[in-house]
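One-letter residues, chain by chain:
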Amino acid sequence: MQPHISGTHLRRQVFFWIGALAIFIVFLMVFSSILLPFVAGMALAYFLDPVADWLERRGLSRMMATVVILVAFVLLFALSLIIIIPVVVAQASDFITRIPGYISSLQQLVAGTGSTILPEWVASQVESIRENFSKLLAEGAGFIGTLLTQIWNSGKSLVDVVSLLVVTPVVAFYLLLDWDRMINKVDSWIPRDHVDTVRQIASDMDTTIAGFVRGQGSMCLILAIYYAVGLSLAGLNFGLLIGFATGMLSFIPYVGATLCLLIAGGVALVQFGADYVSIAIVLGVYFTGQFMEGNILQPKLVGGSVGLHPVWLMFALFAFGAMFGFVGLLIAVPAAAAVGVLVRFALSRYLESDLYHGRAQTLPWEGQQDDAPVKTTIQSQK
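## Overview of the overall build of the chain
Secondary structure assignment for the chain yields 15 helices and 0 strands. Within the chain, buried positions represent 30% of all 382 residues. Look at the contacts in the chain between residues 6 or more apart in sequence, and 71% of them connect residues 24 or more apart. Just so you have it, the chain exposes about 23,700 Å², and 71% of that area is on carbon and sulfur atoms.

## Brief notes about the environment of glutamine 271
Examined against the element boundaries, glutamine 271 turns out to sit in helix H10 (residues 255-272). The class of glutamine 271 is partly exposed, set by a relative accessible area of 27%. Separated by 169 residues in sequence, glutamine 271 and tyrosine 102 place their C-alpha atoms 9.1 Å apart. What glutamine 271 contacts, discounting residues up to four positions off in sequence, is Gly235, Leu236 and Asn237.

## What to know about the packing of aromatic side chains
Enumeration over the complete set of coordinates arrives at 6 aromatic pairs. An aromatic cluster is defined as three or more aromatic residues linked by ring pairs; in this entry it consists of Tyr226, Tyr227 and Tyr286.

## Concerning unusual backbone geometry
Of note in the backbone geometry, phenylalanine 238 takes a positive phi value of approximately 60 degrees without being a glycine. With respect to the element layout, phenylalanine 238 can be found in the loop between helix H8 (195-233) and helix H9 (239-248).

## Thoughts on the side chain of serine 278
Tracing the chain through its elements places serine 278 in helix H11 (residues 276-302). By relative accessible area, serine 278 is classed as buried at 13%.

## Concerning the nonpolar core
What tends to happen in soluble globular proteins is that the nonpolar side chains get buried as a cluster. If you look at the biggest cluster of nonpolar residues, it comprises 24 residues, and the most contacted ones within it are Phe95, Leu231, Leu236, Ile242, Val282 and Tyr286. Those elements that place two or more of their residues in this core are helix H3 (62-117), H8, H9, H10 and H11. If sequence neighbours within four positions are ignored, isoleucine 242 has contacts with Leu231, Leu236, Asn237, Cys260, Ile263, Ala264, Val267 and Tyr286. Of all hydrophobic cores here, the second largest spans 18 residues; its members include Leu35, Leu317, Phe324 and Val333.

## Overview of helix H12 (residues 310-324)
For H12, which comprises 15 residues, the first-to-last C-alpha distance of 21 Å matches the rise-based estimate of 21 Å (1.5 Å per residue) to within 8%. The set of residues buried in H12 consists of Leu313, Ala316, Leu317, Phe320 and Phe324. Considered in projection along H12, the buried side chains sweep an arc of 100 degrees and stay on one side of the axis. Exposed positions of H12 whose direction lies more than 90 degrees from the buried face are Val311, Phe315, Phe318 and Ala322. One or two steps after H12, the chain reaches glycine 325, where phi turns positive at roughly 70 degrees.

## Digging into helix H2 (residues 36-57)
Counted at 1.5 Å a residue, the expected span for H2 with its 22 residues is 32 Å, and the 32 Å between its end C-alpha atoms agrees. The axis of H2 is deflected most strongly, by about 40 degrees, at leucine 48, and proline proline 50 appears within four residues downstream. Among the residues of H2, those classed as buried are Leu36, Pro37, Val39, Gly41, Leu44, Ala45, Tyr46, Leu48, Asp49, Ala52 and Leu55.

## Regarding the packing of H8 against H9
The geometry of H8 relative to H9 is characterised by a closest axis approach of 7 Å and an angle of 155 degrees between their N-to-C directions. What the angle tells us is that H8 and H9 run roughly antiparallel. Every pair of crossing elements has a handedness; the one defined by H8 and H9 is right-handed. On H9, the residues touching Cys220, Leu221, Leu223, Ala224, Tyr227, Ala228, Leu231 and Ser232 of H8 are Gly239, Leu240, Ile242, Gly243, Phe244, Thr246, Gly247 and Met248. Of the residues belonging to the contact of H8 with H9, the class tally is 11 nonpolar, 5 polar and no charged.

## Remarks on the confidence of the model for the chain
Averaged over every residue, the pLDDT of the chain is 75; the share at 70 or more is 74%. For the chain, per-element mean pLDDT is lowest for helix H15 (residues 368-381), which scores 45, and highest for helix H7 (residues 179-188), which scores 87. Per-residue pLDDT stays below 50 along residues 366-382; that stretch engages in 4 contacts with residues further than four places along the chain or on separate chains.

What counts and what doesn't
Residues numbered from 1 in each chain as written. Predicted model: local features only at pLDDT ≥ 70, side-chain atom pairs only at ≥ 80, totals over all residues. Heavy atoms only, no water. Helix = DSSP H or I, 4+ residues; strand = E, 2+ residues; numbered from the N terminus. Buried < 20%, exposed > 50% of the residue type's maximum accessible area, 1.4 Å probe, protein only. Contact = heavy atoms within 4.5 Å. Areas by Shrake-Rupley, 256 points an atom, 1.4 Å probe, with all protein chains shown as cover. Phe/Tyr/Trp six-rings, centres within 6.5 Å; stacked < 30°, edge-to-face > 60°. Core = buried A, V, L, I, M, F, W, Y, C linked by side-chain atoms within 4.5 Å. Expected span 1.5 Å × (residues − 1). Arc of directions from axis to C-beta. Bend = angle between axes of the 7 residues up to and from the residue. Axes fitted to C-alpha atoms, helices over the stretch in contact; angles between N-to-C directions. Parallel < 35°, antiparallel > 145°, perpendicular 65-115°, else oblique. Left-handed = near helix turned anticlockwise from the far one by under 90°. Nonpolar A, V, L, I, M, F, W, Y, C, P; charged D, E, K, R; others polar. pLDDT = per-residue confidence, 0-100.

Structure follows, in structure tokens:
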């Protein structure tokens, strides 16, 4: 049975948590220019904590497990930085320079196809459709280029790349080493009257965030490798870049994969022309990846307990990115998951309260001792 909460005590709690939230937001806004390596290190430690726990269960000490994990991660990251990232950057630069040529080729393809297979009353409108399509593609290409430029410039202005590469592993090492002790220390600060409720909320947040950050992150990485290798073997120009982008954007259901499918389809049409076998292979890579994501990776790695709607996720990315820049993009997903858990908790309490049922409804945490004076007063009035 939950303890009775007086109105004064409830107001004090509300003001306290509103003040704490305001201080946290101000902190993020003031120090957003230097927070990137620390936020990245915290995310890395949270992501790798289950691996450290697994190694501990196999007999390693926490220190040794942390050292093994961080050394392996740094080696993999260094290899990717030396081998994969330069290739992706080179393909991205080349792809941006070829966008006008691809747009022109697609326009000619649409116009030529429309004049040969479409009915006459539709073919007469092909020129207008082509012009509108040209404007749409040009605006879209301009928007993507501007967005990439802003992200790159904001990333460079937020923190020096060298400091990011140096500070992040150090922060991740110490946080991963002391993760369990920090959790126990924070748990000791929780008010004892509400410790069960707070622990339940924290557990729900951890389940949601872990399901999305760890599960969805692992799934995106696997899909990025699959799409990059598959499209490259299919012979698609910029296959590594498009495949990697497809996998990384898969955390937004349907939107990321659909966008990259349209890009890959457009590149394949321009590159292969009437070679329908090659185009079918490119499409087969995408459809196979979607089947693997929906039937194997999603149930195994993410599960059904995440509860993050795609619209809410996109709103969180835009909102936190606008408020806090690149750091906001890093904290948008866990923050959206935490807010979702808090909203569901508040909604459940509202559905149990007299605000929902009416004044005649007794609150679940109110005992009979609170009703006795009320009944006595009502009888005396009668």
